[in-house]
Amino acid sequence: MDAQPDNTESFIAKEARYGARNYAPVRVVVDHAKDCLVWDVDGREYIDMMSAYSSVSHGHLHPRIVAAAHRQLEKVAVTSRAYYGTTLGPLLEKLSEVTGFERALPMNTGAEAVETAIKCARRWGHRIKGIPDGRQRILVARGNFHGRTSTIIGFSSEQEYRSGFGPFDGGFQHFDYGDMRSLKAAATQDTCAVLVEPIQGEAGVVLPPPGFFRELRAWCTENKVLLIDDEVQAGLGRTGKWFAFQHEGIRPDALILGKALGAGLLPVSAFCADDAVMQVFSPNSHGSTFGGNALAAAVALEGLKVLEEEGLVANCAAKGDYLIQRLREVQAEVRPLIRDVRGRGLWIGVDIEPSCTTARDLVERLAANGVLSKETHDTVIRFAPPLTITTELMDRAVEIFRRVCHEKQRELEAVST
Ligand SMILES: *Cc1c(COP(=O)(O)O)cnc(C)c1O
């Protein structure tokens, strides 16, 4: 029997045939990648303007990070936290240096680090603030995205994420993102924490109104409530500063990191806080078999050094300003197709006028023309390339975006005349 060679169709068919249907991927079968470029199984080249939801901030397979992984693979990869190792301590020390927090608790996925934050906040609320155990409440924003565990989706305001997955255990109260009045109205004596994204990514790259975080910071301090900042997507340079909270001139009580912490190679996340908060964890109160494993720690440590030493954080703001400006030029040319271009650093949402088309339609056309992006909800295309992207590559991507938008515009005009 002649085996058919594998190709785009057969790889897609296998995932569709044997996988759960919890994703609807763009029809690109990625074979390999290097820095900001990706190639499919047929050898077609794409510019990665998505970087795995900001996990690949260092570019694909950064040579220094791959080398660090290789070195560690010659030694030991996984021991569990039953023992000490030679890479975790240095990673924790480096995390403390870049975040300014005294301690960090390593996990693997972002959702696990969020779960860690929730447990920490509740225990802190009981033991330090004196809320009766079981009554602690955490305030969360409408439109939030903090991951996919059953606890976390229990406080999502997105029906698609929740429907049919109940019962949910409660303990969360909603406020309108960016609205202090709504937050104050939702708070009670049992409020132990506010869990919030500095920019709402999945909601469509939604920026907070100026001053919101400063007011929130002051309110949290006054009311003895922890301000927990989920920077799983925003952190580590994406917005043009190491952490998005730095744009707001505040310091949260705890910080959640993930995605880019794994430097584009592995799932690595962390919950960071000062001892006054982290002290609530005692041996056996929390853990993770793979959290902080030797290989992950070596990769994450090298990733932090690369961000720093290659100036990726320092250059991100200027690159982001340039990209937003170029995208706004396209917006002006194709009115009314694009409603809004917004973002901070290399994290940009392009909001599509729903009466013209869907974001998904344009995402598919972009892919067909060699640019990888991803829609969020029906109307927003998100561009979040690796922080290593060059002006030349941004220009190429914008040119393709321009062509795709003009083509769409012509189709719409043809229909309406
Ligand atoms: C992606 C994301 C998470 C969840 O991370 P996973 O690694 O997918 O579990 C949590 N919070 C924010 C803000 C995110 O963007």
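Asker: Hey, could you run me through the sheet that holds strand β4 (residues 103–107) in this one?
Answerer: In any sheet, the strands associate via hydrogen bonds between backbone groups, in a parallel or an antiparallel arrangement. Taken together, the seven strands give an open sheet; going across it, the order is β4-β10-β9-β8-β7-β5-β6, and neighbouring strands pair in mixed fashion. Strands at the two margins of the open sheet, each flanked by one partner only, are β4 and β6 (172–175). The average undirected angle you get between the axes of adjacent strands in this sheet is 20 degrees. Here five bridges tie β4 to strand β10 (residues 269–273), and the two strands are oriented antiparallel to one another. When the bridges of β10 are listed, A104 appears paired with C272. Where helix α5 (residues 110–127) meets the sheet, its contacts fall on β4, β5 (137–141), β6, β7 (191–196), β8 (226–230), β9 (254–257) and β10, and the angle it forms with β10 comes to roughly 25 degrees. Helix α9 (residues 212–222) rests against β5, β6, β7 and β8 of the sheet, and its axis sits at about 160 degrees to β7.

Asker: Whenever I open this one, the pairing of strand β3 (residues 45–48) confuses me. Can you help?
Answerer: Residues in a regular strand point their side chains to alternate faces of the sheet. In the sheet, strand β2 (residues 37–40) pairs with β3 via three bridges, with the strands oriented antiparallel. Along β3, the bridge assignment pairs W39 with E45. Where β2 folds back on β3, the antiparallel hairpin that results is connected by four residues, among which G43 adopts a positive phi of roughly 85 degrees. By the bridge criterion, two bridges tie β3 to strand β13 (residues 371–372) in an arrangement that is parallel. In the sheet register, I47 faces β13, and the bridge partner there is V371.

Asker: I tried to follow the site of the ligand on my own but got confused; where do I start?
Answerer: Taken together, T109, G110, A111, F145, H146, G147, E197, D230, V232, Q233 and K259 are the residues near the ligand. For the ligand, an oxygen atom lies 2.8 Å from a polar atom in the backbone of G110. With respect to the ligand, the backbone of A111 contributes an N or O atom lying 2.8 Å from an oxygen atom. Protein chains bury 81% of the 380 Å² of accessible surface belonging to the ligand in isolation. Residues that form the shell around the ligand fall into these classes: three nonpolar, five polar and three charged.

Asker: Just checking my understanding: could you explain helix α14 (residues 391–416) for this structure?
Answerer: Turn by turn, an α-helix covers 3.6 residues, leaving residues three or four places apart pointing in a common direction. In this model α14 runs 37 Å from its N-terminal to its C-terminal C-alpha over 26 residues, within 8% of the 38 Å that 1.5 Å per residue would give. Looking at α14, one finds that the buried residues are L393, M394, A397, V398, I400, F401, R402, V404, C405, K408 and Q409.

Asker: Would you mind showing me how to read helix α11 (residues 294–309) here?
Answerer: For α11, spanning 16 residues, the distance from its first C-alpha to its last is 22 Å, which sits close to the expected 22 Å at 1.5 Å a residue. With respect to burial, α11 is a largely interior element, 13 of its 16 residues being buried. Where α11 begins, the side chain of N293 points an oxygen toward the backbone nitrogen of L295, at a separation of 3.2 Å. Looking one or two residues past α11, G311 carries a phi angle of roughly 65 degrees, positive in sign.

Asker: Would you explain the domain arrangement of the protein in this entry?
Answerer: Size of an interface: often given as the accessible area lost when the parts come together. By the assigned domains, the protein splits into domain 1 (8–61 + 312–416) and domain 2 (63–309). On the domain 2 side, the residues contacting the 29 residues of domain 1 number 30 residues. Carbon and sulfur atoms make up 60% of the area that domain 1 and domain 2 hide from each other, which totals about 2,600 Å². Looking only at domain 1, the three residues that lose the most surface to domain 2 are H58, R344 and W347, adding up to 33% of its buried area. One salt bridge in this structure joins E248 and R344, with 3.3 Å as the shortest N-O distance. Summed over the shared surface of domain 1 and domain 2, the result is 15 residue pairs in polar contact (both at pLDDT 80 or more). Listing elements by their share of the side of domain 1 that touches domain 2, those giving two or more residues are α2 (51–54), α12 (312–333), β11 (338–343), β12 (348–352) and β15 (380–383). Per-element tally for the side of domain 1 that touches domain 2: the top contributor is α12, with four residues. Here the side of domain 1 that touches domain 2 is composed, by residue class, of 15 nonpolar, 10 polar and four charged.

Asker: What should I look at first to understand the nonpolar core in this one?
Answerer: Soluble globular proteins: nonpolar side chains tend toward being buried together. Of all hydrophobic cores here, the largest spans 91 residues; its most connected members are V194, L216, I338, V350, F383 and F401. With nine residues, the top contributor of residues to this core is α11. Each of domain 1 (8–61 + 312–416) and domain 2 (63–309) gives at least three residues to this core. In this structure V194 touches L139, F175, L183, L216, W219, C220, V225, L226, L227 and I228, once residues within four positions along its chain are discounted. Core analysis: the second largest hydrophobic core is formed by 30 residues, C120, I138, A193 and L226 among them.

Parameters at a glance
Residues numbered from 1 in each chain as written. Predicted model: local features only at pLDDT ≥ 70, side-chain atom pairs only at ≥ 80, totals over all residues. Heavy atoms only, no water. Pairing = 2+ DSSP bridges. Helix = DSSP H or I, 4+ residues; strand = E, 2+ residues; numbered from the N terminus. Axes fitted to C-alpha atoms, helices over the stretch in contact; angles between N-to-C directions. Contact = heavy atoms within 4.5 Å. Near = heavy atom within 4 Å. Polar contact = N/O pair within 3.5 Å; in protein donor to acceptor, adjacent residues only side chain to side chain. Areas by Shrake-Rupley, 256 points an atom, 1.4 Å probe, with all protein chains shown as cover. Nonpolar A, V, L, I, M, F, W, Y, C, P; charged D, E, K, R; others polar. Expected span 1.5 Å × (residues − 1). Buried < 20%, exposed > 50% of the residue type's maximum accessible area, 1.4 Å probe, protein only. Domains from an automatic or database assignment. Buried area = accessible area lost by both parts, 1.4 Å probe. Salt bridge = Lys/Arg side-chain N within 4 Å of Asp/Glu carboxyl O. Core = buried A, V, L, I, M, F, W, Y, C linked by side-chain atoms within 4.5 Å.

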